Every structure is written in C-alpha cells, then in structure tokens.
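Fold and geometry: a report
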Amino acid sequence: MLISMKVISIGFDIDSNHLLSVPMPMDFFGYIFCVGTIIFGPWTRFSDYAMIGHNKLGIIHNILVTSWKSAVALFFLSISTCWSFWIAPNGSYKWSVAYRDALSFRSSHYFVSKMAEASSLTCNILQSKVKGAKKDDKKYENDSVSAEPIVITRPWSIELPRSLVEVVVHWNIPMHHWLRTYVFKNTRSLGTLPAILSTYAASAMLHGLNFQLAAVLFSLGIYTYTEHIFRTKLAFMINGCVGPRKCSDCTHALKESHFVVMIINFCFSLIVMFHLAYLGFTFNSAGSMEEEGYSMYHTLEKWRWLNFSSHWVVLFTFILASVM
C-alpha cells in the first residue's frame, strides 16, 4: 500500500509541478524503500523525504521524542491486548462488548501509528509546515517553511470526538492528506457525494479489496456525508457553532462556549462514539480470521447482532436532513 501511495504521489506531483523533474533512480528507490517508513509507514511526500539531510532538530531532541512516542505506543498496545478486556468481560451487555472490541482495535491502530512516528523520526524524516500559506501552494518561499516531527494520529480527537469528520481526519493524518490531495480534489468536479465515495473506494483498494473493510469504509463515507449535511443545516438554523468542524473564525450568534451549543455538541459526540463502537465491532479478534481477512458473513452477523442500529440512525438522520 505504501509503495503504491508513494509512486502515485510522485506522478501527480510531477504533473502539478510540485516536483519539477522525475527523481533520479537512487533517489526514487531510496524514497520508496526508506527504512524509516517501509514497515509501519507513514506516507510522506518526496519533497519531505528529500529534506532528510537538511533537517536539524538535534540528536538529543530526536532521541527524547522517539523514546516518548515509543512509550506511548507501548501504552496503547497494553490497552489493546489487556486493559480493554477489563472494561467488559465476555458475557457483558452487547454494546459494552462492542465498545470494548472497537476500543481494542482503535488502540492497536494507535500503537502502529505511534511506532511509525517514532521510526520515521529515527531517519530524521519530518513534515514541512508552511507559515502564512497552504502547503499545497506552489508559490511559497523557502524561508516560510518549517519542519517538525510527523503526527499520524491524534487519539483524543478520536476517543472524545466532535464529529465523524474529525475522526476521519485524525485517524491517519498523512493518509487523509494523500486521499484529499490526489483523489478528492481531482474528483470534486463530479459533485461532493461522488468525490467522497471515490475517495473511500480508493482507500478500500489501497487497503486490499475485502468486503468487511469496504463495507466499513463506504459506511463511513455515507455517515460523514450525512453528518456534514445535517450539522451544517442545523448550524445555519440556530445560528450556532454546531457544525462538524469547529469554526476557525466563528461568526455565529451562539458561540462554542454557549450552553446550548455545548449540549448539542456533547450529544453529537455520544452519537459518534456509538457509531465507532458499531463499526469497530467488526474488527474484533477472531483467531485465524484476523490474518486471513473477515468474511461478508462475519461482518453482517456482527451488525445483525447489534440490529443494524447505526445504519438505521444514519438513515433517519439523512431523512431529517433532507426535510430541514
């Protein structure tokens, strides 16, 4: 998957003049098989990889940050394999079990992500940040660019979410940037919903065609689209900051700190946690199935056990948004 993402990104970057020329063979294969990203990831742009020798955060700084990220990764590994099963032993209420299995899956993702952040830093791979301009802008000056350690995931933005849109963004930040840059923006002319479905289809293909993964990803696509429409309309109706993303420069009459807005956003957060438990429940440990890939029967049986309740809630939300 990572190799495919890197090769595709080079092709698009050359076409958009983000890269001015085709990389030399040694540079190309060094980027593709970089020891700091080849195992855990993450995807990085070739321009960021090319700056390895110019990044100067300091050896002591890199050692301390790498050690911290590795310790955080082991903490999440312990949650995934041990602590999460204390929350709801087998035989507990079904939604407690669903939340437990989903939490275990999410924690394993945080473990891999934090290990990837640490491994990329050992190779001195940083992400560029542009001050006062967007990174995708081709016309920024070199002195406006700073570099900092790569952040792949933000667990607290997922465990205590504002919206599903926030979860999707913070689940895998480099992957989100890749999909937004090379898929969503290039299909936006087809319309918002086709662009969203195309983005999740590309993600499903990159992860390997599997019914369970495709079903979860396409469900997320429909969920986030529905949530965005409903909360955007609601924010307009009550003139409050209850949209799927926090306003950068809020002009609403009811600000983020208003009591009514806080209650509404809290309720939406609970709904998102409910959806995450439902969707993540399909990734529970199941012996050899975990390595071979979950079947269609496994996925539908897990959702049937939960009465397909999350899908029904989204359908009701979509109908409500349509009549607002």
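Reading the values: rules and limits
Residues numbered from 1 in each chain as written. Predicted model: local features only at pLDDT ≥ 70, side-chain atom pairs only at ≥ 80, totals over all residues. Heavy atoms only, no water. Salt bridge = Lys/Arg side-chain N within 4 Å of Asp/Glu carboxyl O. Buried < 20%, exposed > 50% of the residue type's maximum accessible area, 1.4 Å probe, protein only. Helix = DSSP H or I, 4+ residues; strand = E, 2+ residues; numbered from the N terminus. Axes fitted to C-alpha atoms, helices over the stretch in contact; angles between N-to-C directions. Parallel < 35°, antiparallel > 145°, perpendicular 65-115°, else oblique. Left-handed = near helix turned anticlockwise from the far one by under 90°. Core = buried A, V, L, I, M, F, W, Y, C linked by side-chain atoms within 4.5 Å. Contact = heavy atoms within 4.5 Å. Phe/Tyr/Trp six-rings, centres within 6.5 Å; stacked < 30°, edge-to-face > 60°. Lys NZ or Arg CZ within 6 Å of the ring centre and 35° of its normal. Patch = residues over 30% accessible without salt bridge, like charges linked within 9 Å, V, L, I, M, F, W, Y side chains within 5 Å. Areas by Shrake-Rupley, 256 points an atom, 1.4 Å probe, with all protein chains shown as cover. Polar contact = N/O pair within 3.5 Å; in protein donor to acceptor, adjacent residues only side chain to side chain. Disulfide = S-S within 2.5 Å. Arc of directions from axis to C-beta. pLDDT = per-residue confidence, 0-100.

**Structural notes on the pattern of salt bridges**
This structure, assessed with the given rule, holds nine salt bridges. Among the salt bridges present, the one from arginine 100 reaches aspartate 101, with a minimum N-O distance of 3.0 Å. Neither residue differs from the other here; arginine 100 and aspartate 101 are each classed as buried. Residues arginine 231 and glutamate 227 are paired through a salt bridge, measuring 3.8 Å at the closest nitrogen-oxygen approach. Of the two residues, arginine 231 and glutamate 227 are both situated in helix α10 (residues 211–238); the distance of four residues between them amounts to about one turn of the helix. As far as the burial class goes, arginine 231 and glutamate 227 line up, both buried.

**Structural notes on the packing of helix α4 (residues 59–87) against helix α5 (residues 94–122)**
Look at α4 against α5: their axes get within 8 Å of each other, and the N-to-C directions meet at 165 degrees. Taken together, the axes of α4 and α5 are roughly antiparallel relative to one another. Note on packing geometry: the crossing formed by α4 with α5 is left-handed.

**Thoughts on the nonpolar core**
Ranked by internal contacts, the top residues of the largest apolar core, which has 33 residues, are Tyr278 and Leu279. Elements with a contribution of two residues or more to this core: α4, α5, α7 (164–171), α9 (192–207), α10 and α11 (259–280). Other than its neighbours up to four places away in sequence, leucine 279 contacts Val216, Ser219, Leu220, Tyr223 and Trp303.

**Notes on the packing of aromatic side chains**
If you walk through the whole model with that rule in mind, you get 18 aromatic pairs. Consider the rings of phenylalanine 105 and phenylalanine 283, whose centres lie 4.1 Å apart with planes at 10 degrees: the pair is stacked. A residue pair is termed long-range when its members are at least 10 positions apart, and phenylalanine 105 in helix α5 and phenylalanine 283 in the loop between α11 and α12 (289–292) qualify at 178 residues. Overall, the relative accessible area of 25% leaves phenylalanine 105 in the partly exposed class. With a relative accessible area of 14%, phenylalanine 283 lands in the buried category. Through successive ring pairs, a cluster of aromatic residues spans Phe75, Phe76, Trp83, Phe105, Tyr110, Trp171 and Phe283. The side chain of lysine 6 reaches across the aromatic face of tyrosine 31, ending 5.2 Å from its centre.

**Details of a nonpolar patch on the surface**
Nonpolar side chains collect at one region of the surface, where Ile3, Val7, Phe29, Phe33, Ile38, Ile39, Phe40 and Val112 lie side by side and expose about 700 Å² of accessible area between them. For phenylalanine 40, the location among the structural elements is in the loop between α2 (25–32) and α3 (46–49). On the basis of relative accessibility, which here comes to 35%, the residue phenylalanine 40 falls in the partly exposed class.

**Here's the deal with the environment of glutamate 301**
Mapped onto the elements of the fold, glutamate 301 is located in helix α13 (residues 296–305). When the C-alpha positions of glutamate 301 and threonine 282 are compared, they lie 8.9 Å apart, and in sequence the two are 19 residues distant. Only 2.7 Å separates the side chain of glutamate 301 from the side chain of arginine 304, close enough to count as a polar contact.

**Overview of the state of the cysteines**
Within the structure shown, the criterion is met by zero disulfides. Just so you know, cysteine 34 is unpaired, no disulfide at all, and the nearest cysteine sulfur is the one on cysteine 123, 4.6 Å from it. You can call cysteine 34 buried: its relative accessible area is 6%.

**Here we look at α13**
For α13, every residue scored as buried is listed here: His298, Thr299, Lys302 and Trp303. What you see down the axis of α13 is that its buried residues fit within an arc of 125 degrees, all on one side. Asparagine 307 sits one or two residues past α13 and shows a positive phi near 65 degrees.

**Observations regarding the confidence of the model for the protein chain**
On average, residues of the protein chain score 85 in pLDDT, and 90% of them reach the 70 mark or higher. Looking at the elements of the protein chain, mean pLDDT is at its lowest for α12, recorded as 54, and at its highest for helix α14 (residues 309–323), recorded as 94. Within the model, pLDDT remains below 50 along residues 132–144, and this stretch shows 19 contacts once partners closer than five positions in the same chain are excluded.

**Re the side chain of threonine 199**
Inspection of the secondary structure assignment puts threonine 199 in helix α9. You can call threonine 199 buried: its relative accessible area is 11%.

**Structural notes on the environment of leucine 213**
Structurally, leucine 213 can be placed in helix α10. Residue class for leucine 213 comes out buried when judged on its relative accessible area of 18%. With 83 residues separating them along the chain, leucine 213 and methionine 296 place their C-alpha atoms 9.7 Å apart. Contact partners of leucine 213, with chain neighbours within four places excluded, come to His207, Gly208 and Phe283.

**A few points about unusual backbone geometry**
Residue proline 42 is bonded to the preceding glycine 41 through a cis peptide linkage, with omega at 5 degrees. Along the chain, proline 42 falls in the loop between α2 and α3. With a phi angle near 70 degrees, asparagine 17 is a residue other than glycine that sits in the positive phi range. In this fold, asparagine 17 is placed in the loop between α1 (2–15) and α2. Residue asparagine 239 is not a glycine yet carries a positive backbone phi of 55 degrees. Topologically, asparagine 239 is positioned in the loop between α10 and α11. In this structure asparagine 239 comes out as partly exposed when scored by relative accessible area, which is 34%.

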